[in-house]
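# Examining the three-dimensional arrangement
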Amino acid sequence: MLSENTVKNQQLVNGEHLAANQEKANSKQELFSGTAKYVERKATDIIPIPTFRSAKVNSSAVPELEFSRPKELKRLELLAGEKYVETEEIKLSASEPELYERREIFAREGSDAELILAYSDSGELRTKRHTEVEIRAEAGSHLIIFLVQQMSEQADSRMFVNVYLEPDSEVRMIIADSGARTHRLDLKADLQDRAIFDCQGIYFGRGEESYDYNYELIHKGKLCRSNLLVNGALMDYAKKVFRATIDFRRGSSGSVGDESEYVTLLDDTVQSRAIPLLLSTEDNVEGNHAASAGRLNPDMVFYVQSRGFTRREAEKMIIASRFSNVIDLLPNSELKDAVLKDILTKLDSAD
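Residues numbered from 1 in each chain as written. Predicted model: local features only at pLDDT ≥ 70, side-chain atom pairs only at ≥ 80, totals over all residues. Heavy atoms only, no water.

### Structural notes on the environment of Ser122
Considering the arrangement of structural elements, one finds Ser122 in the loop between β6 (112-121) and β7 (127-137). With relative accessibility at 29%, the residue Ser122 sits in the partly exposed group. Along the primary structure Ser122 and Ala155 are separated by 33 residues, whereas in three dimensions their C-alpha atoms are 10.0 Å apart. If sequence neighbours within four positions are ignored, Ser122 has contacts with Lys91, Leu92, Ser93 and Ala94. (Helix = DSSP H or I, 4+ residues; strand = E, 2+ residues; numbered from the N terminus. Buried < 20%, exposed > 50% of the residue type's maximum accessible area, 1.4 Å probe, protein only. Contact = heavy atoms within 4.5 Å.)

Set out below in structure tokens:
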């Protein structure tokens, strides 16, 4: 004779299978208060599978921006034959407080390019930007893109990136965010056979800054590889939501995906949420994910202080060392110094 708990469990499982068959295309499971509830994915959901609604992470809490000017379109075609290197620095000011743009980048077969997009503002008044980047990397192309943001606490920033990688292409992205009142980054990569996508990032939030991240790495081809590694730090009343999904679709046999986020909490008043997801409809794949949030190791801080440094100086040194893996990748020495100086100056403001 089955126990009451066993019967209840069987009923729940049977109910799940029935509901899944009825709404397999449009519904996802959501556990809530100990019961199973099936809900359609909302139009505002930006992660593939709705999680607990109470966590408030399914959709972005960062509002859309409105602009008084039409969207500016920029197209860049990269051809094979020689190394293409370009740096573009965009600074918003009182005379140009808004940026509303779309960039389309076509890396043709066999091309090799390195692009730097650096955004900042003068800090004089409220500024806002909305940037869309559409990247298509054809077979055998190699593309490195650096996205650097050094906005003030009066700025609102939105960035949406879509990357399509054809077979045997490789795209690397290095992202450094060190300021904005509100910032949202949505990045989606679509990988075909043997494609490689690597993304490394850092962020630093202070005051009442709010950061909203959503990464989606979709493996569609065989033997493709993705890697996502992000390090961050939060202080004061800063908030951050980090979503990262690796999705192995049918046909992605032999593919490997890694995603990791590590955030240092410098004050008890910060808010940090991380939602790493691994999805798969293919058997022969390897997916790894990790998320960690915590204070600086007190033993490490004490060790640095014992060498004659103050506590804040020790914290600055440790944070700088954790960010160095991304800052050192920046090809421009002036840009490296500017990003590091910006972060250290903001740490100094807490003294």
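### Examining the environment of Val133
Mapped onto the elements, Val133 comes out in strand β7. A C-alpha to C-alpha distance of 9.5 Å links Val133 and Lys74, two positions 59 residues apart in sequence. Setting aside residues no more than four positions away along its own chain, Val133 makes contact with Arg103, Ile105, Phe160, Val161 and Asn162.

### Structural notes on the sheet that holds strand β11 (residues 182-191)
Strands sit in the order β3-β5-β7-β9-β11-β13-β15-β17 across an open sheet of 8 strands; the sheet is parallel. Edge strands, defined here as strands with exactly one partner in the open sheet, are β3 (72-78) and β17 (271-280). Neighbour-to-neighbour, the strand axes of this sheet turn through a mean angle of 5 degrees, independent of strand direction. As defined by bridge partners, β11 adjoins strand β13 (residues 210-219) across 10 bridges and the pair is classed as parallel. (Pairing = 2+ DSSP bridges. Axes fitted to C-alpha atoms, helices over the stretch in contact; angles between N-to-C directions.)

### So, the nonpolar core
A general feature of soluble globular proteins is that nonpolar side chains tend to end up buried together. Judged by nonpolar contacts, the single largest core of 50 residues is most densely connected at Leu143, Val161, Val163, Met173, Leu187, Phe197 and Tyr215. A total of 5 residues in this core trace back to one element, the largest contributor, which is strand β9 (residues 155-165). Ignoring anything within four residues of it in the chain, the contact list for Val161 reads Val133, Ile135, Leu147, Met173, Leu185, Asp186, Leu187 and Lys188. Listed in part, the 26 residues of the second largest apolar core include Ala176, Ala233, Phe323 and Ile327. (Core = buried A, V, L, I, M, F, W, Y, C linked by side-chain atoms within 4.5 Å.)

### A few points about empty space enclosed by the protein
Going through the model one piece at a time under the given rule, you end up with 1 cavity of 30 Å³ or more. The computed volume of the largest cavity comes to approximately 50 Å³. For the largest cavity, the full set of lining residues is Tyr119, Arg129, Leu147, Val148, Gln149, Met159, Ile175, Asp177, His183 and Leu185. When residues of the lining of the largest cavity are traced back to their parent elements, those giving at least two are β8 (142-150), β10 (170-177) and β11. (1 Å grid on protein atoms, 1.4 Å probe; cavity = no way out; pocket = protein on both sides within 12 Å on 5 of 7 lines; lining within 4 Å. Points joined across faces, edges and corners; volume = space filled by probe spheres on them.)

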